[in-house]
2 protein chains.
Amino acid sequence: MAKSPKISASHEPGGLIVHISGLLPSLSPAEQRVARLVVADPADAARRTITDLATAAETSEATVIRFCRSVGMDGYPQLRIRLAAEAARRVEPPDARVVGGDIPPGADLAQIIATIAFNDARAVEETAEQLDPAVCEQVVEAIAAAGRIDVYGAGASGFVASDFQQKLHRIGRTAFYFPDVHTALTSAALLGRGDVAVGISHTGTTSDVIEVLEQARARGAATVALTNFPRSPITEVADFVLTTAARETTYRSGAMASRLAQLTVVDCLFVGVAARNRARARKALEVTAEAVQSHRVGSARRRA
Amino acid sequence: MAKSPKISASHEPGGLIVHISGLLPSLSPAEQRVARLVVADPADAARRTITDLATAAETSEATVIRFCRSVGMDGYPQLRIRLAAEAARRVEPPDARVVGGDIPPGADLAQIIATIAFNDARAVEETAEQLDPAVCEQVVEAIAAAGRIDVYGAGASGFVASDFQQKLHRIGRTAFYFPDVHTALTSAALLGRGDVAVGISHTGTTSDVIEVLEQARARGAATVALTNFPRSPITEVADFVLTTAARETTYRSGAMASRLAQLTVVDCLFVGVAARNRARARKALEVTAEAVQSHRVGSARRRA
DNA sequence: ACGCTTCATGAAAGTAAGTTTCATCCGTGG
DNA sequence: CCACGGATGAAACTTACTTTCATGAAGCGT
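In this text the structure is predicted, and so the values were computed from the model without any measurement. (Residues numbered from 1 in each chain as written. Chains lettered and ligands numbered in written order. Predicted model: local features only at pLDDT ≥ 70, side-chain atom pairs only at ≥ 80, totals over all residues.)

Draft legend 1. The overall build of chain A, seen in detail. Each helix and strand in chain A was counted, giving 13 helices and five strands. Each of the 304 residues in chain A was classed as buried or not, and the buried ones make up 47%. Expressed as a percentage of contacts within chain A between residues at least 6 apart in sequence, the contacts between residues at least 24 apart total 66%. (Helix = DSSP H or I, 4+ residues; strand = E, 2+ residues; numbered from the N terminus. Buried ≥ 20, exposed ≤ 12 C-beta atoms within 10 Å, placed from the backbone. Contact = placed C-beta atoms within 7 Å.)

Next comes the structure, spelled out in structure tokens:
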């Protein structure tokens, strides 16, 4: 298949539409009618069948094909696909996003959703960017080798702590989480060298968590802090500090995004630990997955 | 509010690919093979002819057509066009990031972090894109007006359920979460018209949650399902269905990203409800924040 | 003006792509 | 074991795309 008699440009960098309007004058009258339709509304043209487009341009299908070849396409289907792609790219991004700001009073749900999702996603991305792999590595190593792991957290961070505990447990690590300070303190007192204590606090100022971490450290356990603020009090009692990067604006949206960022960090540590002993972790995951199998209803298969 | 018995399907604003991956488990095996090809490389699929694609998926053209219909398209050409458009819009992931794939065996921490964060962020964004604000609005309305709200969830989704409960509680809504099925069932039995039951399940097949939601519905409560799979069993017992859009590959990474997506949805609902009565919600938040103030040590704010 | 050439054009034939129908197969539950 | 229902692909069928070819209009040299 060589011979491209007319022009040229098997590759038209500027965009197909631009390319077409560029060589518009060099086309025959009937082809020009087609071209004009296409340029005017590429998305619409992409939707039409060749017969349809030919009729709209008051010409025959043959001319449309000739037009396709003239602009460097193999045939009509290819043109269609390219047009669809082109039209899609051209759509302006939704923008108008409230970037990290608070939700305006009169906001409708769509705006709320866009704002929250945007901030959440950004918190996750930025957290990943600033996470220090070296520190993570050390933490992973400590956890992988630990005799016991205690995870502390209060309030919203408590959920994260609990989640982390559950994850570690699922891959066969001995991990605990205590919703109650007293119990947590007791547990921390029983930690020793080779154990790990993880304290999670968005603000880094939750006294309960700090206190427990302090206790754990005093007993010789390695302490890890996960907070959004690298200079907050909790970092003073931690051997390893991992930070999230939720730019908080109001306490509300800040707490929301930071929670996701914390979870992301937790997941990274989890996968890191699991990767240390792939075989064993996989096995453990399979076994635990199987355990809840009987609590699942048939597959999702179903037809409407 | 009027009966909107079952929403779903015909609206997939978030993006075709996302929509397809959500539907994946509800497709027949042969259709799934097609779906996987399409999701893996939309641009490539758009280039193929139907026969070609059928061959690649080791099935017949008929199945490809059936697949098109299953995901809400008229026929193959329409699918092709949509795929091309979709692929064009999608910004190619910067580099060798494992896109929704598993973590490669030899990965180092930096890679793990990048992969997880990328998938997490994408799940959040795509979830937001495909969330139907209208359905959210209805749910928000129901929750805002509810006498009582029960939130159900098991395993990882349990954390999310619990988080939602806590949030609602903080803005003065009467909300409950029960980690235990029996208690949950009892509670559901006591729900009535004007109450709301929210069931959270990533797979949509958790029988415990389905059962409880069913009970709640039988008692006249409005039922809400939050799942990743729009055709899973849980959606059959829900008046309102909200979906997340974590493209799951393995159960591990899927469960991780989906949790974040669920939280994002929960946050949206929460803010929506709070926005209904700004003054009261703000007041409640301030009061509750104050309540834990004594458990904080000096400010975290020492510098940025 | 005439005849010749060139080229644009659409009708129609031809081919390929997409769609429907239907018989078969397979697992499920009586 | 059979009846049933869904999944599936072969083949018939339809529609869309492509090619071929005849026509006629315009340019041009004589």
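Once the structure has been displayed, the description carries forward.
Draft legend 2. Structural context of the nonpolar core. By size, the foremost hydrophobic cluster in this structure holds 189 residues, and its most contacted members are A:Leu213, B:Leu213 and B:Val224. For B:Val224, the residues in contact, after removing those within four places along its chain, are B:Val139, B:Val196, B:Ala197, B:Val198, B:Ala238, B:Phe240 and B:Leu242. (Core = buried A, V, L, I, M, F, W, Y, C linked by C-beta atoms within 7 Å.)

Draft legend 3. Structural detail: the environment of A:Thr49. All names here are of chain A. Relative to the helices and strands, Thr-49 resides in the loop between helix H3 (42–47) and helix H4 (50–56). Exposure remark for Thr-49: the 12 C-beta atoms within 10 Å place this residue in the exposed category. Between the alpha carbons of Thr-49 and Leu-109 there is a distance of 38 Å; along the sequence they are 60 residues apart.

Draft legend 4. Fine view of the sheet that holds strand S1 (residues 149–153) of chain B. Residue and element names in this part refer to chain B. Strand order in the open sheet formed by five strands is S2-S1-S3-S4-S5, with parallel pairing between adjacent strands. Pairing within the sheet leaves two strands with one partner each, and these edge strands are strand S2 (175–177) and strand S5 (240–243). With strand direction ignored, the average angle separating the axes of adjacent strands in the sheet is 20°. In this sheet, strand S4 (residues 222–227) lies alongside strand S3 (residues 196–200) in parallel orientation, the contact comprising five bridges. In the sheet register, Gly-199 faces S4, and the bridge partner there is Ala-225. (Pairing = 2+ DSSP bridges. Axes fitted to C-alpha atoms, helices over the stretch in contact; angles between N-to-C directions.)

Draft legend 5. Representation of unusual backbone geometry within the structure. Positive phi, normally seen in glycine, also occurs at A:Glu58, with a value near 55°. By the secondary structure assignment, A:Glu58 is in the loop between H4 and helix H5 (61–70).

Draft legend 6. Broad picture of the protein's contact with DNA strand D. Of all residues adjacent to DNA strand D, which total 19 residues, the nearest are A:Ile50, A:Gly75, A:Tyr76, B:Ser28 and B:Ser60. The set of elements that each furnish at least two residues to the surface near DNA strand D consists of H4, H5 and helix H6 (76–90) of chain A together with helix H2 (29–40) and helix H5 (61–70) of chain B. Of the residues assigned to the surface near DNA strand D, the class counts are eight nonpolar, seven polar and four charged. (Near = placed C-beta within 6 Å. Nonpolar A, V, L, I, M, F, W, Y, C, P; charged D, E, K, R; others polar.)

Draft legend 7. Fine view of the sheet that holds strand S5 (residues 240–243) of chain A. Residue and element names in this part refer to chain A. Ordered by their spatial adjacency, five strands build an open sheet running S2-S1-S3-S4-S5, and the pairing between neighbours is parallel. The outermost strands of the open sheet, each flanked by one partner alone, are strand S2 (175–177) and S5. Neighbour to neighbour, the strand axes of the sheet diverge by 20° on average, direction disregarded. Both strand S1 (residues 149–153) and S2 contribute to a ladder of three bridges, which runs parallel.

Draft legend 8. Quick peek at the domain arrangement of chain A. Here chain A is described as being made up of domain 1 (16–90) and domain 2 (109–295). Once you take the C-alpha centre of each, domain 1 of chain A and domain 2 of chain A turn out to be 56 Å apart. (Domains from an automatic or database assignment.)

Draft legend 9. Molecular detail of the packing of H2(B) against H5(B). Residue and element names in this part refer to chain B. Viewed as axis vectors pointing N to C, H2 and H5 meet at an angle of 75°, and their least axial separation amounts to 9 Å. On the basis of their axis angle, the class for H2 and H5 is roughly perpendicular. Seen from H2, the contacting residues are Ala-30, Glu-31, Val-34 and Ala-35; seen from H5, they are Thr-63, Val-64, Arg-66, Phe-67 and Ser-70. Taken together, the residues of the contact of H2 with H5 break down into five nonpolar, two polar and two charged. (Parallel < 35°, antiparallel > 145°, perpendicular 65-115°, else oblique.)

Draft legend 10. Seen up close, the protein's contact with DNA strand C. The environment of DNA strand C is made up of 18 residues, and the closest members are A:Ser28, A:Ser60, B:Ile50, B:Gly75 and B:Tyr76. Within the residue set of the surface near DNA strand C, elements represented by two or more residues are helix H2 (29–40) and H5 of chain A together with helix H4 (50–56), H5 and helix H6 (76–89) of chain B. Along the lines of polarity and charge, the residues of the surface near DNA strand C split into eight nonpolar, seven polar and three charged.

Draft legend 11. Structural view of the confidence of the model for chain A. Residues and elements named next belong to chain A. On average, residues of chain A score 82 in pLDDT, and 78% of them reach the 70 mark or higher. Confidence over residues 1–11 falls short of pLDDT 50; this stretch has 10 contacts with residues more than four positions distant or in other chains. Between residues 92–100, whose pLDDT stays under 50, and residues either more than four places distant or in other chains, the model counts 10 contacts. (pLDDT = per-residue confidence, 0-100.)

Draft legend 12. Inspection of helix H9 (residues 156–170) of chain A at higher detail. Residues and elements named next belong to chain A. In a regular helix each residue adds 1.5 Å, so 15 residues correspond to 21 Å; H9 covers 22 Å between its end C-alpha atoms and thus fits that length. Most of H9 sits inside the fold, with 11 of its 15 residues counted as buried. What H9 keeps buried is the set Ala-156, Ser-157, Gly-158, Phe-159, Val-160, Ala-161, Asp-163, Phe-164, Gln-165, Lys-167 and Leu-168. Backbone geometry just downstream of H9 places Gly-172 in the positive-phi region, at approximately 85°. (Expected span 1.5 Å × (residues − 1).)

Draft legend 13. The packing of helix H1 (residues 16–23) of chain B against H2(B), seen in detail. Residues and elements named next belong to chain B. The contact between H1 and H2 brings their axes to 10 Å, and the two run at 150°. Accordingly, the angle class assigned to the pair H1 and H2 is roughly antiparallel. Every pair of crossing elements has a handedness; the one defined by H1 and H2 is left-handed. Only Ala-35, Val-38 and Val-39 of H2 make contact with H1, whose side of the interface consists of Ile-17, Ile-20 and Ser-21. Along the lines of polarity and charge, the residues of the contact of H1 with H2 split into five nonpolar, one polar and no charged. (Left-handed = near helix turned anticlockwise from the far one by under 90°.)

Draft legend 14. Molecular detail of the pairing of strand S4 (residues 222–227) of chain A. All names here are of chain A. The buried count for S4 comes to six of six residues, which makes it a mostly enclosed element. Burial of the side chains of S4 extends over both faces: Ala-222, Val-224 and Leu-226 are buried on one face and Thr-223, Ala-225 and Thr-227 on the other. You can see the chain leave strand S3 (residues 196–200), run along helix H11 (residues 207–218) and come back into S4, and the turn it takes is right-handed. The sheet contact formed by S4 and S5 spans four bridges and is parallel. Among the inter-strand pairings, Thr-227 is bridged to a residue of S5, identified as Thr-243. (Right-handed = clockwise from strand over helix to strand, strands pointing away.)

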